[in-house]
Amino acid sequence: MQDSAQENSVKSESLSLRDQKHLWHPLTQHKLYPEMLAIVKAKGAVLYGENGNEYVDGISSWYTCMYGHCNATITSKVAAQMEVLDQVVFSGFTHRPAVELSEALMSILPENQQKLFFSDNGSTATEIGIKMALQYHHNLGNDRNVMLAFEEGFHGDTFGAMSVSGLSVYNGAFEDHFIKVVRIPVPTFSNLKEIREKLKELISEYKIAGFIYEPLVQGAAAMKMHDAHGLNEILKICKENEILTIADEVMTGFGKTGKYFASDYLETKPDIICMSKALTAGLLPMAVTSCSQRVYDAFYADEISKGLFHGHTYTANPLSCTAALAGIELLKSDEMQENIRRISKSHANFHKRIKTHPKVTNARQLGVIYAFDLNVKMERYGNLRNQLFSHFMENGVFLRPLGSTIYILAPYITSNKELQKIYQSIESALEKF
Ligand SMILES: *Cc1c(COP(=O)(O)O)cnc(C)c1O
């Protein structure tokens, strides 16, 4: 009796309060930020809070649910799959959702991609890309053990992924254990000559196995965009020097840049591509690392040890594959492509509205990704990011500023009215801060 009374009194507490007892959240210093907002429902572009408020999901819950939350087309297919085959070992077995997904991915990936390796998240996708590059050279008998990366890249939180990430302010405790990495700046219109020379020096000095990069847009570096021509030149130099190129499209993949993949803007195609986030339409976690036939062939041998001995328990989970397959079908539809054009155009119009505002600098756009930096005095930086975040939430919009950068990456199905709500919350922030 007493037990159940106690249970009932616990249950009447808010989720936010009950959360604080046992949960440890990602990227959070709990002493500074003890309280999490509970979300009880999500539909389309809207999140519904336990507090009764609604929030337009202006960053697609970390760039995942691009076709909208709880999209009925996707959830019904996954529910049906759930009745047929839930999970099976993917070593020695295969299944329809994985086979059909491989065919669907081949129809949208750059032509040189031929083989797909499954894992669970963006970090494992890049980790596998790095391992493919290192073992490729190992298998061919080449002595190469260094990775090349951009200075401010972000590739995830596991050890290999952390090592190649340049944004390492939070990684101090682990740096002694990193793999070897050398770095170059991202190409701008003015520094290409300098990068070419630096690259030449690095190539002669280090035994570089692979180059990992976020093509055209660096998400965690605050939606920094760089020059396609410059990146293409870097990729060409890598190819000429047998450095495997690994495009980390975990953020940029599946239509966000206005093309299926950011690599579609580049003439030189990567040897390896990492995908996650929108791959499964925000429904379930999964990742894919794809590669060209040439990479695969270096692992195809009579010796067992030349294979890629990497595998996760939930590899190619049938439900995740089904969500991904349904997502790709939606992405390829005329309706979704029209949505992507509509939002790109809408952002361009919003840009015209705010570009001359004195607090707007470095405004940039590629596809449905729009970002600018808030031009305020350094001494105001202290708590600015959190004040901005609270301002947007008070206005019913979920945006997650990165430092002083405000960016929008809303689902493709966001309505014009919802877009205006996002824009208005930004315009009122411009007046307030
Ligand atoms: C998010 C992200 C990752 C890491 O993905 P997780 O699923 O969070 O491990 C890697 N690379 C890029 C470019 C990302 O945006």
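Residues numbered from 1 in each chain as written. Predicted model: local features only at pLDDT ≥ 70, side-chain atom pairs only at ≥ 80, totals over all residues. Heavy atoms only, no water.

1. Observations regarding the layout of surface pockets
The rolling of a water-molecule-sized probe over the atoms marks out the regions of remaining empty space.
Link 1 in the chain: Estimates place the volume of the second largest pocket at around 750 Å³.
Link 2 in the chain: Lining the second largest pocket are 24 residues, and of these L116, F117, Y296, L308 and H310 lie nearest its centre.
Link 3 in the chain: Within the residue set of the lining of the second largest pocket, elements represented by two or more residues are β4 (113–119), β12 (287–292) and α10 (293–297).
Link 4 in the chain: It is β4 that provides the largest number of residues to the lining of the second largest pocket, a total of four residues.
Link 5 in the chain: When grouped by side-chain class, the residues that make up the lining of the second largest pocket number 14 nonpolar, nine polar and one charged. (1 Å grid on protein atoms, 1.4 Å probe; cavity = no way out; pocket = protein on both sides within 12 Å on 5 of 7 lines; lining within 4 Å. Points joined across faces, edges and corners; volume = space filled by probe spheres on them. Helix = DSSP H or I, 4+ residues; strand = E, 2+ residues; numbered from the N terminus. Nonpolar A, V, L, I, M, F, W, Y, C, P; charged D, E, K, R; others polar.)

2. Points about the side chain of H310
Link 1 in the chain: Inspection of the secondary structure assignment puts H310 in the loop between α10 and α11 (318–332).
Link 2 in the chain: Of the polar contacts made by the side chain of H310, one reaches the side chain of H312; its length is 2.8 Å.
Link 3 in the chain: Excluding residues within four positions of it along the chain, H310 makes contact with F117, I128 and K131. (Polar contact = N/O pair within 3.5 Å; in protein donor to acceptor, adjacent residues only side chain to side chain. Contact = heavy atoms within 4.5 Å.)

3. Side note on the UniProt feature "modified residue: N6-(pyridoxal phosphate)lysine" (unreviewed entry) in the protein
Link 1 in the chain: In this structure's numbering, the residues bearing the UniProt feature "modified residue: N6-(pyridoxal phosphate)lysine" (unreviewed entry) are K277.
Link 2 in the chain: Tracing the backbone shows K277 in the loop between β11 (272–275) and β12.
Link 3 in the chain: Given the relative accessible area of 26%, K277 is considered partly exposed.
Link 4 in the chain: Apart from the residues within four sequence positions on either side, K277 is in contact with W62, Y63, T64, V250, M251 and G282. (UniProt positions renumbered as here; feature names shortened; annotations may be inferred. Buried < 20%, exposed > 50% of the residue type's maximum accessible area, 1.4 Å probe, protein only.)

4. Comments concerning the sheet that holds strand β16 (residues 405–408)
By definition, the strands of a sheet pair up through backbone hydrogen bonds, in either a parallel or an antiparallel sense.
Link 1 in the chain: Across the sheet, three strands lie side by side as β13-β14-β16; this open sheet has antiparallel pairing. What marks the edges here is a single partner per strand, and that holds for β13 (360–366) and β16. Here the strands of the sheet are splayed against their neighbours by 15 degrees on average, with no regard to which way each runs.
Link 2 in the chain: Here β13 runs beside strand β14 (residues 369–374); their pairing, made up of five bridges, is antiparallel. Residue pairing for β14: R364 is matched across the bridge by A371. (Pairing = 2+ DSSP bridges. Axes fitted to C-alpha atoms, helices over the stretch in contact; angles between N-to-C directions.)

5. Comments concerning the site of the ligand
Link 1 in the chain: In the vicinity of the ligand, the contacting residues are N121, G122, S123, F154, H155, G156, E214, D248, V250, M251 and K277.
Link 2 in the chain: One nitrogen or oxygen atom from the main chain of G122 is found 2.8 Å from an oxygen atom belonging to the ligand.
Link 3 in the chain: Here K277 contributes a side-chain N or O atom positioned 2.7 Å from an oxygen atom of the ligand.
Link 4 in the chain: Calculation on the ligand without its partners gives an accessible area of 380 Å², and the protein chains cover 81% of this total.
Link 5 in the chain: The residue makeup of the shell around the ligand, split by class, is three nonpolar, five polar and three charged. (Near = heavy atom within 4 Å. Areas by Shrake-Rupley, 256 points an atom, 1.4 Å probe, with all protein chains shown as cover.)

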